[in-house]
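# Residue-level structure breakdown
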Amino acid sequence: MSILVMLSAGRSRATVAEDVVDCLDEQARTEARRAELLGRAESLGVRIEAARAGGTAAPQDLLRRADRLDREAQDLDLELVLRRTECRERATLALPECERQIAVIEAALAGDSGGAAGAAELLRLRALRTRLQGWLAGPVFLGYPLIPPDSTDTPETLAEKLRYHEGVIRALRELGDRVRTRRSEVAEERRSLEEAGRLLRDLSFLDEGGRVSPSGTVRFRGAPIDNATADSTRRGASAGDRAGSGGDLDRILAASPATPEESDRLLRFLDGYLKAIDRELGVVMRATGDIRRRVGGGTDAQR
């Protein structure tokens, strides 16, 4: 079966993926409207408080506008809850289908029967898969604040601090697993990109996703500058300070390589962030050990 026939046969299934993209785009627009509304409400609040601080009653028109904005914000909050639930349901259905279509096209390209259309579709589906995976996994966060013990801590306070740091350790380990999974995907994708290198070079004019520029130079939209690493873009950590910085890891995880060279650069970034995560994990575990010694024992934080 030719790649064009396979692509045509997958169009009805592809609508599942396109639907979730539409849903995510609408969610982003709703979030932008809510942010704008909250900005207007904050401005009104400042004016109302200024009037009260001057010993006069706030103008009724300001109060009415503030009340209206409050109702609109509540409506948008409900809309966002429903929208996020809908998008998550759609993404959960779309991701396996996206994976299936990628596997079909990769097999065709490996057999030298994909053509330029297949290579273009592969780029689109990989970018979509990365977006769906990132959205379902949630935002990346590094730089958890450390809360060291002090002389005023009660046993209850120490126990709360211990639970917090143990939760941070779990979160960092889960993030490390997520980065390692993405690294494995990029390494696997690199092999198929190398096989389809000639076809992908024919598509080097593509720049819509921030992947390959007309000049052939490699760029990741939102990525750190060339030669930057996770180690060079985050500040050091110490007890009582933040353990690290998330930086551009969200955008790095969302990057979709279009050439083997892009894959190599992305792999270097991911390796750098894995080192940063391991370093932050070490900082948090040392802080956890300090608290555990104050508590007087317990389960091993490294288990």
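Just so it is clear, the structure is predicted and the values come from calculations on it, not from any experiment.

### What to know about the overall build of the protein
Along the backbone of the protein there are 9 helices and 0 strands. Taken from N to C terminus, the helices and strands of the protein fall in the order α-α-α-α-α-α-α-α-α. Taken over 303 residues, the protein has a buried fraction of 41%. Of the roughly 16,400 Å² of accessible surface on the protein, 53% is carried by carbon and sulfur atoms.

### Focus on the environment of Leu-158
By the element assignment, Leu-158 lies in helix α5 (residues 155–195). Remark: the alpha-carbon pair of Leu-158 and Ile-291, spanning 133 residues in sequence, is separated by 6.7 Å. Beyond its immediate stretch of four places on either side in the chain, Leu-158 contacts Pro-149, Asp-153, Ile-291, Arg-294 and Val-295.

### Remarks on the pattern of salt bridges
Under the counting rule described, the total for this entry stands at 25 salt bridges. Among the ionic pairs, Arg-52 bridges to Glu-49, the shortest N-O distance being 3.4 Å. Taken together, the residues Arg-52 and Glu-49, both in helix α2 (residues 11–53) and 3 residues apart, mark about one turn of the helix. Overall, Glu-49 belongs to the partly exposed group, its relative accessible area being 48%. A salt bridge links Arg-182 to Glu-189, with the nearest nitrogen and oxygen atoms 3.5 Å apart.

### With respect to helix α9 (residues 260–295)
End to end, α9 covers 51 Å across 36 residues, agreeing with the expected 52 Å (1.5 Å per residue, within 8%). Following α9 by one or two positions, Gly-296 has its phi on the positive side, about 105 degrees.

### Focus on the nonpolar core
With 26 residues, the main nonpolar core has Leu-172, Leu-175, Val-179, Leu-249, Ile-252 and Leu-270 as its most contacted residues. For this core, the elements supplying multiple residues, two or more each, are α5, α8 (249–254) and α9. By residue number, the principal contributor to this core is α9, which donates 12 residues. If sequence neighbours within four positions are ignored, Val-179 has contacts with Leu-249, Leu-253, Leu-270, Leu-274 and Ile-277.

Criteria and thresholds
Residues numbered from 1 in each chain as written. Predicted model: local features only at pLDDT ≥ 70, side-chain atom pairs only at ≥ 80, totals over all residues. Heavy atoms only, no water. Helix = DSSP H or I, 4+ residues; strand = E, 2+ residues; numbered from the N terminus. Buried < 20%, exposed > 50% of the residue type's maximum accessible area, 1.4 Å probe, protein only. Areas by Shrake-Rupley, 256 points an atom, 1.4 Å probe, with all protein chains shown as cover. Contact = heavy atoms within 4.5 Å. Salt bridge = Lys/Arg side-chain N within 4 Å of Asp/Glu carboxyl O. Expected span 1.5 Å × (residues − 1). Core = buried A, V, L, I, M, F, W, Y, C linked by side-chain atoms within 4.5 Å.

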